[in-house]
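Structural characterization, general
For reference, the chains in residue letters:
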Amino acid sequence: MPFPFVRKSMKTLMSKEFKTVTKHFAKIVGSGHPIVKTTQQVLKSKNSAQTRKLIVLLISDLMSTTSTQAPPEEKETYTKNLSLAELTELLYIAFLLQRGLINMIQTNIQPNLLQDFELGNKMAVLGGDFLLAKATVMLSQLENSVVLGLMASAVRDMSHGLFTLPEQREHFDDHLIRNIPCSVQDWQQQNSLAHSSLLSNACRAVTVLHRKDQQYGDIYADFGHHLTLAQEARSDIERIVKSDPTHQVDISTTQFFSELCSLPSAVVSERKGSANQEWINSFLIREDDKFTRQTFSLKREKFLTTILMDKAALDRCEQVCGYHAEAALSALHTLPQSEARECLEKLTLSFI
């Protein structure tokens, strides 16, 4: 049977099955490698992975209020939805760990920390692959080809969305720059792949397991999609508003995407009429030819100061966040009233 909690899975990664992992992990605790903060957040349940699991379970509970299944069949459906919630969480954390991989060539790392960062990269790959393997096994145990297809689509979308945008701790090349969102629509498309696809497909999978996909599939998928975009919009706004332009980027951060990929950046770029990225290019510094391809870095202080001074753009960001939150609420309001629905409504309202 699948592990009942992802934290148990994470701790197993560092238990007697992997005795050497804890020994090596201790070596990199002070290095500043992102896997350290990522692991701390997961074990302390301070990231949004737990939120995803809770949402899937609440939706399953909400579906149960309209269930006509016999008690034995309903119990089996609940067990499968519990596994679905857990594997959704595992997939999210697996990608989170592997996104902590550091590009050793395009990142400025102190020479005395190179070995620690190489070890951190290996552990990020090991940890992510371990959780992906667990999620795959759990998915096969559901014995449902439709759910398998939905979650496979989510993995495909995340793989494309998460690894085609420039990260803030790296120099980046022309290819990554071309993927930077220059409008709200671009931002929505990129975040739909990188973030909302997982929860949206998981929400639809709940309806499949309850055999009510035709009636409720689109409603729950829309809810998961808009809720995630509202969450990402709120995260982007707070990240920019609370940032200190004079501070250097913390290489150990688990906020991976460059500020260039944030909603405020996309809004300002759109307002400037810079669909061809002219506005973004004004904040890029061409690096010396020390890499095989021409690379660039961000004039971070000038970039953040420019955005923070544009109050109209920040107001527009609030409108985008509010739009997605309201769209998620609208989807919920078409569903039967219940305690689970109230919990989901409160969660959605927290992003407005």
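Residues numbered from 1 in each chain as written. Predicted model: local features only at pLDDT ≥ 70, side-chain atom pairs only at ≥ 80, totals over all residues. Heavy atoms only, no water.

Some points on the nonpolar core
Grouped together as the largest cluster of nonpolar side chains are 57 residues, with contacts concentrated most on Ile59, Leu84, Leu87, Val147, Met151 and Phe223. What Leu87 contacts, discounting residues up to four positions off in sequence, is Ala135, Met138, Leu139, Leu142 and Met151. Membership of the second largest hydrophobic core comes to 30 residues, among which are Ile237, Leu298, Leu314 and Cys321. (Core = buried A, V, L, I, M, F, W, Y, C linked by side-chain atoms within 4.5 Å. Buried < 20%, exposed > 50% of the residue type's maximum accessible area, 1.4 Å probe, protein only. Contact = heavy atoms within 4.5 Å.)

Thoughts on the sheet that holds strand E2 (residues 284-286)
The three strands are arranged E1-E3-E2 in an open sheet whose pairing can be described as antiparallel. Sheet topology places strand E1 (172-173) and E2 at the edges, where each strand pairs with a single neighbour. (Pairing = 2+ DSSP bridges. Helix = DSSP H or I, 4+ residues; strand = E, 2+ residues; numbered from the N terminus.)

Observations regarding the side chain of Ser197
With respect to the helices, strands and loops of the structure, Ser197 is situated in helix H9 (residues 184-209). A polar atom in the side chain of Ser197 sits 2.7 Å from the side chain of Asp157. Discounting chain neighbours no more than four positions away, the residues touching Ser197 are Ser153, Ala154, Asp157 and Ser192. (Polar contact = N/O pair within 3.5 Å; in protein donor to acceptor, adjacent residues only side chain to side chain.)

A short note on the pairing of strand E3 (residues 295-298)
Residues Thr295 and Ser297 of E3 are buried on one face, and the alternating residues Phe296 and Leu298, pointing to the opposite face, are buried as well. Direction of pairing for E1 relative to E3: antiparallel, over a ladder of two bridges. Residue pairing across strands places Asp173 opposite Thr295, the latter belonging to E3. Relative to E3, E2 runs antiparallel, the two being bridged by three bridges.

Digging into the confidence of the model for the chain
When pLDDT is low, close inspection of the predicted coordinates is not appropriate. Per-residue pLDDT for the chain averages 83, and the proportion of residues at 70 or more is 80%. Mean pLDDT per element in the chain: helix H1 (residues 6-13) is the minimum at 48, and helix H14 (residues 311-332) is the maximum at 97. Contacts from residues 1-7, a stretch scored under 50 in pLDDT, to residues over four places away or in other chains number 23 contacts. (pLDDT = per-residue confidence, 0-100.)

Comments concerning the pattern of salt bridges
Opposite charge on two side chains permits pairing when their charged atoms draw close. Tallied over the entire structure, the rule returns 10 salt bridges. Here Lys53 and Glu89 are joined by a salt bridge, their closest N and O atoms 3.9 Å apart. Residue Lys53 is found in helix H4 (residues 49-64), and its partner Glu89 is found in helix H5 (residues 71-98); the two are separated by 36 residues along the sequence. According to the relative accessible area criterion, Lys53 is buried, its value standing at 7%. Relative accessible area serves as the criterion here: at 0%, Glu89 is assigned to the buried category. The partner of Lys80 in a salt bridge is Glu76, with the nearest N and O atoms 3.6 Å apart. You can see Lys80 and its partner Glu76 sitting in helix H5, four residues apart, about one turn around the helix. Relative accessible area serves as the criterion here: at 23%, Lys80 is assigned to the partly exposed category. Taken together, the shared-partner salt bridges in this structure form one network comprising Arg204, Asp213 and Asp218. (Salt bridge = Lys/Arg side-chain N within 4 Å of Asp/Glu carboxyl O.)

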